[in-house]
Number of protein chains: 2
Amino acid sequence: MNLREQLQEKIDGKTKPVGALGILEKIALKAGMVQNSLSPEIHKPHIIVFAGDHGIAAKGKVNPYPQAVTAQMVLNFVKGGAAINVFTKQYGIGLTVVDAGVNYDFDASLPIIHAKINKGTQDYSEGQAMSEEEMQQAIEKGKEIVEEIFNDGCNTIGFGEMGIGNTSSAALIMHHYTRLPLEDCVGRGTGANDEQLKIKIETLNHAATLHKLTESSISSTDLLIRIGGFEMAMMTGAFLKASELNMIIVVDGFIASAALMIAQDMDNKILDSCLFAHCSDEQGHRKMLEHLEAEPLLQLGMRLGEGTGAALAIPVLQGAVNFLNNMASFESAGVANKS
Amino acid sequence: MNLREQLQEKIDGKTKPVGALGILEKIALKAGMVQNSLSPEIHKPHIIVFAGDHGIAAKGKVNPYPQAVTAQMVLNFVKGGAAINVFTKQYGIGLTVVDAGVNYDFDASLPIIHAKINKGTQDYSEGQAMSEEEMQQAIEKGKEIVEEIFNDGCNTIGFGEMGIGNTSSAALIMHHYTRLPLEDCVGRGTGANDEQLKIKIETLNHAATLHKLTESSISSTDLLIRIGGFEMAMMTGAFLKASELNMIIVVDGFIASAALMIAQDMDNKILDSCLFAHCSDEQGHRKMLEHLEAEPLLQLGMRLGEGTGAALAIPVLQGAVNFLNNMASFESAGVANKS
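The structure presented is a predicted model; accordingly, all values stated were derived computationally and were not measured.

(A) Structural detail: the nonpolar core. If you look at the biggest cluster of nonpolar residues, it comprises 124 residues, and the most contacted ones within it are L21, L24 and F87 of chain A together with L21, L24 and F87 of chain B. With near-sequence residues (within four places) excluded, L21 of chain B lies in contact with A83, F87, L300, M302 and L304 of chain A together with K16, F323 and M327 of chain B.

(B) Fine view of the pattern of salt bridges. A complete count under the given rule lists 34 salt bridges over all chains for this structure. Note that K116 of chain B is salt-bridged to D99 of chain B, the shortest N-O span being 2.7 Å. With K116 of chain B in the loop between β3 (113–114) and α5 (132–151) and D99 of chain B in strand β2 (residues 94–101), this pair connects stretches of sequence that are 17 residues apart. A relative accessible area of 27% places K116 of chain B in the partly exposed class. Taking relative accessible area as the criterion, D99 of chain B reaches 2% and is therefore assigned buried. A salt bridge links R226 of chain B to D222 of chain B; the nearest nitrogen and oxygen atoms lie 3.1 Å apart. One end of the pair is R226 of chain B and the other is D222 of chain B, both in helix α9 (residues 220–227) and four residues apart, which spans about a single turn. Overall, the relative accessible area of 22% leaves R226 of chain B in the partly exposed class. With a relative accessible area of 28%, D222 of chain B lands in the partly exposed category. Among the ionic contacts, a cluster of salt bridges with common partners joins K59, D123 and E126 of chain A.

(C) Region of interest: the interface of chain A and chain B. Contact with chain A, which involves 55 residues of that partner, is made by 54 residues of chain B. For the chain A and chain B pair, buried surface summed over both sides reaches about 4300 Å², with 60% attributable to carbon and sulfur atoms. Considering only the surface of chain A that becomes buried against chain B, Y65, L300 and K338 of chain A emerge as the three largest contributors, covering 13% of it. Remark: the boundary between chain A and chain B carries zero salt bridges. Going through the elements one at a time, α2 (23–35), α3 (68–79), α4 (83–91), α13 (308–326) and α14 (330–333) of chain A are the ones with two or more residues in the side of chain A that touches chain B. For the side of chain A that touches chain B, the element with the highest residue contribution is α13 of chain A, accounting for eight residues. Across the side of chain A that touches chain B, the residue classes break down as 31 nonpolar, 19 polar and five charged.

(D) Geometry of the relation of the copies chain A and chain B. With an RMSD of 0.0 Å, chain A superimposes on chain B once it is rotated by 180° and translated 0.0 Å along the axis. Within this description, the copies of the chain are treated as partners about a two-fold rotation axis. Using C-alpha coordinates, one finds that chain A approaches the rotation axis most closely at L298 of chain A, a distance of 3.2 Å. Comparing contact sets, 98% of the residues at the interface of chain A also lie at the interface in chain B, consistent with an isologous, same-surface contact.

(E) Structural view of the sheet that holds strand β1 (residues 46–52) of chain B. Residue and element names in this part refer to chain B. With parallel pairing, six strands are arranged side by side in an open sheet as β3-β2-β1-β4-β5-β6. The open sheet is flanked by β3 and β6 (274–276), the only strands paired with a single partner. Where strand β4 (residues 156–162) lies against strand β5 (residues 248–251), three bridges are found, and the strand directions are parallel. Paired with T156 across the two strands is I248, which belongs to β5. Across the sheet, helix α10 (residues 230–244) touches β1, β2, β4 and β5, and the angle it forms with β4 is around 175°.

(F) The sheet that holds strand β3 (residues 113–114) of chain A, seen in detail. All names here are of chain A. Taken together, six strands build an open sheet; the order of strands is β3-β2-β1-β4-β5-β6 and the sheet is parallel. Each end of this open sheet is capped by a strand with a single partner; those strands are β3 and β6 (274–276). Sheet strands touched by helix α11 (residues 254–266): β4 (156–162), β5 (248–251) and β6. Its angle to β5, the strand with the most contacts, is close to 130°. Docked against the sheet, α13 engages β1 (46–52), β4, β5 and β6, running at close to 135° with respect to β5.

(G) Structural context of helix α8 (residues 194–210) of chain B. All names here are of chain B. Compared with an ideal rise of 1.5 Å per residue, which puts 17 residues at 24 Å, α8 spans 24 Å between its outermost C-alpha atoms and is within 8% of the ideal. Buried residues of α8: L197, K200, I201, T203, L204, A207 and A208, and no others. The secondary structure elements touched by the buried residues of α8 are α6 (166–178) and α7 (182–185). Residue N193 occupies the N-cap position of α8, its side-chain oxygen lying 3.2 Å from the main-chain nitrogen of E195. Remark: K212 follows α8 within two positions and exhibits a positive phi of approximately 50°.

Rules and cut-offs
- Residues numbered from 1 in each chain as written.
- Chains lettered and ligands numbered in written order.
- Predicted model: local features only at pLDDT ≥ 70, side-chain atom pairs only at ≥ 80, totals over all residues.
- Heavy atoms only, no water.
- Core = buried A, V, L, I, M, F, W, Y, C linked by side-chain atoms within 4.5 Å.
- Buried < 20%, exposed > 50% of the residue type's maximum accessible area, 1.4 Å probe, protein only.
- Contact = heavy atoms within 4.5 Å.
- Salt bridge = Lys/Arg side-chain N within 4 Å of Asp/Glu carboxyl O.
- Helix = DSSP H or I, 4+ residues; strand = E, 2+ residues; numbered from the N terminus.
- Buried area = accessible area lost by both parts, 1.4 Å probe.
- Nonpolar A, V, L, I, M, F, W, Y, C, P; charged D, E, K, R; others polar.
- Least-squares fit on C-alpha atoms with pLDDT ≥ 70 in both.
- Pairing = 2+ DSSP bridges.
- Axes fitted to C-alpha atoms, helices over the stretch in contact; angles between N-to-C directions.
- Expected span 1.5 Å × (residues − 1).
- Polar contact = N/O pair within 3.5 Å; in protein donor to acceptor, adjacent residues only side chain to side chain.

Listed below in structure tokens is the structure:
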């Protein structure tokens, strides 16, 4: 028997009807496969929040909240007042906040990783979002940060983000990879009204044409350069390194899934390491998950980002691993199996 | 402003777009309403597993597992080897196991609540399942057990069950209250195959006719007497007492929802205290939830019982309460709100 079959046999031997733990059984199997073990374990689960600003957001055409909120929310993370602080604290998850490119000068003493590539990207409705150098620098930094956390004993990781305007970037990436009409990819983000949504779609249609996003010859790195964000490029590097290190990756929502599409384009094996935390309420996410053939753990109607979906999924993942390791088998418990 | 409006204002003032925490926002509001507080708290969450045998299961017509498994699983609970042990331990949830009427003589020294009404119900395909006295005794005992746990400081409770054959009883209760054809109410339980499912439906059709279950004049207590189980009658009492004590009730799956339908028939206010943990994979449960106008938190494809769905939902409920109490507001964090 290969490992997959051995894991399935172990799962089916537990004191429960076959399949009765539903998705948890699939997760347990996947965790075992990622760790190449019949007894996978979750060590020091961690969430990294990458923050970055988007030049296009300065004009307010794609975002109901002002760009300054990105920096304000980073300060909120530092003070422990955001949703991701509450959830990571509750579930015993480590949290690292990274300034990947916020348009604000943070005090050097703040307990964040200071990895600013630039003070926000350029407005991609007028030109490219970042230079090739910036893109490479961001990817390398993302890899480096994950490796440090891995070296500290973490084997399970999720990535969140903060960046006013970044659902637009994610929608354009989705548009490129899925070829779905932009209208299917663009959502209300943090809460655009009908008029704001209309302007958002128009603005992004213009950007999609400018950057010829329907051409399949565009490389993943070119896509980041043309319409990406620093937090997304850094997250792409983080995905690549986490997969290389055989970490279990808990994929958050719309933005994280977009960065994952880029990472997958660079390394197709990456999906083997990924669990999908939830289906976001951001309208494009469901179709994005379908494209990735992903089955999300949770459907809580959330659309907040920050890695909050990943945080809520980690206790479920731990439950899956725990039942695999700690439940009795029919044999060990002396329980009769099906007649 | 009334409490509901005050709670909504508090939720909307948190540093997140309005509605961005999805179902968690609704749960937070409900928790506040149940506890009549702007700052609800979860204290000593607890799950009670009621175990009981069903006379109809002795013949093996409705159940792929032999009746002896009920007692064997109670012993598995005691040894800590079942799924509910793993999840309650992981999430810091208290666990109490109750012998409500298992067809087995447990050693008096076992750390369970010994509340056996009888050694299994009578076969309701031939006559009534229990006497009126037994039914009353079970309901009273359920109330008593909840009150003790409440007095120990618990304010949040879920009910699980173990009883080979009890999906049949639940299907008949659902059939009575929803008037849906029995075929829509009966599922595969712990894993009946096509032939077993056919016999299960035939057997239950016979019982439904014998007990005139489509007559609306049948009282909730009569329904328990005719086709109920001791674990379900005790759970009915537990629901009633928990609601009376303003506890937050986390409703598990198919069996628990059936017991809740009976409790609701006795006291219509009970739903005000209930959160629905998950939508079970047992086919009738989705329609049962629709009938109850309930929005389940989780959809994990589980169909195990034991209160496992409730256990997995409790960390999400805690997350909801924690964000309400501990997240910063736009004002306190100095974050700009929507333009």
